Amino acid sequence: MKTIVLFFSHNGSNKYLAEKIAKDLDCPIEEIIPRPNSHLLMLMGINFGNKALKAKLEDYERVILCGPIFMGKFIIPLKNFVQSNLDKIKTLVFVTCCGSTFEKKDEKFGYNLVFNEVRNILGQKCVHCEAFPITLVLPDELKNDGKTFMKTHLTDENFKGEIQVIYDDFIEKMKVELAIN
Ligand SMILES: Cc1cc2nc3c(=O)[nH]c(=O)nc-3n(C[C@H](O)[C@H](O)[C@H](O)COP(=O)(O)O)c2cc1C
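The paragraphs below set out a description of the structure included in this document. Since the model is a prediction, treat every value here as computed from it, not as a measurement.

1. Examining the overall build of the protein
- Each helix and strand in the protein was counted, giving six helices and seven strands.
- Taken from the N to the C terminus, the helices and strands of the protein come in the order β-α-β-α-β-β-β-α-β-α-β-α-α.
- Relative to a compact globule of 181 residues, whose C-alpha radius of gyration would be 16 Å, the protein shows 16 Å and is just as compact.
- Along the three orthogonal principal directions, the C-alpha set of the protein runs to about 45 × 40 × 25 Å.
- Classification of the 181 residues of the protein by burial places 31% in the buried group.

Structure (structure tokens):
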């Protein structure tokens with residue numbers, strides 16, 4: 001199954017994750033760049049589309065879309081990408097390195113609401129969603145410390161332990177799907 005990884009990242013964690021996935025699946029990767037490329041406007045949900053991608057989506061059977069969750073939203077650059085390429089996307093996997101924990105996934109700022117939105121837009125084309133909460137790389141005593149987790153980003157140094165186990169499972173799943181199709 002021909003796969004491409006597309007990502008948006010403001011502070012680098014989703015870039016890190018996307019690059020890792022692309023390397024492990026040995027597939028191309030490209031950044032989604034919003035117009036205008038302003039974090040404030042993005043948080044306000046203002047966007048005039050994204051810069052055109054170099055990749056031809058028609059050439060891929062699977063898009064792995066990787067990006068953060070801000071304010072409980074499926075953020076506008078990712079949403080724009082999905083909505084404007086609905087006809088070209090064959091299957092999509094949504095992956096996020098986010099702030100919300102597994103325990104809080106169903107709350108207002110939890111990732112499950114965003115996963116549901118992605119599934120609503122894409123229907124059966126959305127074949128999998130996976131969250132990598134940044135708290136996985138923090139010690140237990142700091143997991144609920146908002147200031148610390150906002151300042152924490154994925155790196156080679158902290159990508160170990162629980163997050164590595166979840167990641168290895170995810171990659172295995174992606175490789176199996178790759179092999180089946
Ligand atoms: C302004 C702001 C709002 C955020 N809102 C949420 C949220 O609603 N839910 C969540 O899970 N994480 C939230 N986060 C955490 C980010 O999703 C997390 O830091 C993510 O790893 C950032 O990705 P990046 O480094 O690729 O930009 C928020 C972070 C910021 C700075």
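2. Remarks on the nonpolar core
- Judged by nonpolar contacts, the single largest core of 38 residues is most densely connected at V5, L17, I21, I64, L65, C66 and V95.
- Secondary-structure elements contributing two or more residues to this core are β1 (3-7), α1 (13-25), β3 (62-66), α3 (76-84), β6 (92-96) and α4 (111-122).
- Setting aside residues no more than four positions away along its own chain, L17 makes contact with C66, V95, C97, F132 and L154.

3. Thoughts on the sheet that holds strand β7 (residues 126-131)
- Here five strands make up an open sheet; going across it, the order is β2-β1-β3-β6-β7 and the pairing parallel. If you trace the sheet from one side to the other, it starts and ends with β2 (29-31) and β7, each paired once. Strand-to-strand twist across the sheet, computed as the mean angle between neighbouring axes with direction ignored, equals 20°.
- Across three bridges, β1 lies against β2 in parallel orientation. Each bridged residue has a counterpart across the sheet, and for L6 the counterpart in β2 is E30.
- Of the strands in this sheet, β1, β2, β3 and β6 are in contact with α1, which crosses β1 at around 170°.
- Where α4 meets the sheet, it contacts β6 and β7, and its direction lies at approximately 165° from that of β7.

Rules used throughout
Residues numbered from 1 in each chain as written. Predicted model: local features only at pLDDT ≥ 70, side-chain atom pairs only at ≥ 80, totals over all residues. Helix = DSSP H or I, 4+ residues; strand = E, 2+ residues; numbered from the N terminus. Rg over C-alpha atoms; globule rule 2.2 N^0.38 Å. Buried ≥ 20, exposed ≤ 12 C-beta atoms within 10 Å, placed from the backbone. Core = buried A, V, L, I, M, F, W, Y, C linked by C-beta atoms within 7 Å. Contact = placed C-beta atoms within 7 Å. Pairing = 2+ DSSP bridges. Axes fitted to C-alpha atoms, helices over the stretch in contact; angles between N-to-C directions.

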